[in-house]
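What follows is the residue order along each chain.
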Amino acid sequence: MVQNTSFDTKLEQAKDIPSIFELVKQAVSRSEGMERSGLMLGLSNLGGGPQGFVGAFYPVATNIIVMNTMPLVRIRQTDPKLYKPYVFHILLHEYLHSLGIIDEEATRAKALEISRKVFGDDHAATSIAADLGRFMPNLVYPVYGWKPDQEPKLELVKGFDRSSTDAYIN
């Protein structure tokens, strides 16, 4: 599949996590015709465990995605060029959960399909979607209903779902 330079350029130019999320929403809308508004993003150090660490989770039937800051920091330290493709993938995966795709295998397959459509086979975001373990060997997807041992201390990201703001505030 040929790379979509528009999405590639937009991801490169994204200045922050909310900008990357807007690109995720565009990709899903174009690819699947599905949308959801009113989501929040909480950043928290969710730590890790013997089985690895979780990149993010979406508590079913809520309006929040919780992203683990530990891998974000690690990627910035070790391979900064993977930061935006990683954030895109994690937000895409959790956004798909928020749209009702709860099954992990189905969510992974759909994230890969969408990444291929918008970036092509050779983009880092597609490679991460195809085999996250190759990039982050200790990162695991949480099982349905997973939650951290303790209530995470969240830092809410301002302006996260900014394209939805007009729907609520006029």
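Now for a look at the structure at hand.

How each quantity is defined
Residues numbered from 1 in each chain as written. Predicted model: local features only at pLDDT ≥ 70, side-chain atom pairs only at ≥ 80, totals over all residues. Heavy atoms only, no water. Axes fitted to C-alpha atoms, helices over the stretch in contact; angles between N-to-C directions. Helix = DSSP H or I, 4+ residues; strand = E, 2+ residues; numbered from the N terminus. Parallel < 35°, antiparallel > 145°, perpendicular 65-115°, else oblique. Left-handed = near helix turned anticlockwise from the far one by under 90°. Contact = heavy atoms within 4.5 Å. Nonpolar A, V, L, I, M, F, W, Y, C, P; charged D, E, K, R; others polar. Salt bridge = Lys/Arg side-chain N within 4 Å of Asp/Glu carboxyl O. Buried < 20%, exposed > 50% of the residue type's maximum accessible area, 1.4 Å probe, protein only. Polar contact = N/O pair within 3.5 Å; in protein donor to acceptor, adjacent residues only side chain to side chain. Phe/Tyr/Trp six-rings, centres within 6.5 Å; stacked < 30°, edge-to-face > 60°. Lys NZ or Arg CZ within 6 Å of the ring centre and 35° of its normal. Pairing = 2+ DSSP bridges.

**Points about the packing of helix H2 (residues 17-32) against helix H4 (residues 83-98)**
Across the interface, H2 lies against H4 with an axial gap of 9 Å and an inter-helix angle of 55 degrees. Judged on the interaxial angle alone, H4 and H2 are oblique. With respect to the hand of their crossing, H2 and H4 are arranged in right-handed fashion. From H2, Ile-17, Ile-20, Phe-21, Leu-23, Val-24, Lys-25, Ala-27 and Val-28 reach across to H4, where they touch Tyr-83, Lys-84, Val-87, Phe-88, Leu-91, Leu-92, Tyr-95 and Leu-96. Residues that form the contact of H2 with H4 fall into these classes: 14 nonpolar, no polar and two charged.

**Re the pattern of salt bridges**
A complete count under the given rule lists nine salt bridges for this structure. Across the salt bridge formed by Lys-110 and Glu-113, the nearest N and O atoms sit 3.3 Å from each other. Remark: Glu-113 and Lys-110 occur in helix H5 (residues 104-119); sequence separation between them is three residues, near one turn of the helix. Connected via shared salt-bridge partners are Glu-32, Lys-110, Glu-113 and Lys-117.

**What to know about the side chain of Glu-104**
Residue placement: Glu-104 occurs in helix H5. Judged by relative accessible area, Glu-104 falls into the buried class, the value being 15%. Within the structure, Glu-104 has its side chain in polar contact with the side chain of His-93 (distance 3.0 Å).

**Comments concerning the packing of aromatic side chains**
The description of two aromatic rings rests on the distance between their centres and on the angle between their planes. This structure, assessed with the given rule, holds four aromatic pairs. When the ring of Phe-21 is compared with that of Phe-160, the centres are 4.1 Å apart and the planes differ by 20 degrees; the resulting orientation is stacked. Placement of the pair is Phe-21 in helix H2 and Phe-160 in the loop between strand E6 (155-156) and helix H8 (165-168), with a sequence separation of 139 residues. Taking relative accessible area as the criterion, Phe-21 reaches 0% and is therefore assigned buried. Residue classification places Phe-160 among the buried residues on the basis of a relative accessible area of 2%. Every member of this aromatic cluster is reached through a ring pair, and the members are Phe-7, Phe-88 and Phe-119. Lys-10 extends its terminal NZ or CZ atom over the ring of Phe-7, reaching a point 5.7 Å from the ring centre. Against the face of Tyr-83 rests Arg-76, its NZ or CZ located 3.9 Å from the ring centre.

**Considerations on the sheet that holds strand E4 (residues 64-68)**
Taken in spatial order, the four strands make up an open sheet running E3-E4-E1-E6, and their pairing is mixed. Strand pairing shows two members of the sheet lacking a second neighbour, strand E3 (56-57) and E6, which therefore form its edges. The sheet contact formed by E3 and E4 spans two bridges and is antiparallel. Bridge assignment links Ala-56 to a residue of E4, and that residue is Met-67. The sheet strands contacting helix H3 (residues 69-78) are strand E1 (40-44) and E4, and the helix crosses E4 at an angle near 45 degrees. Strands E1, E3 and E4 of the sheet are contacted by H4, whose axis makes an angle of about 145 degrees with E4.

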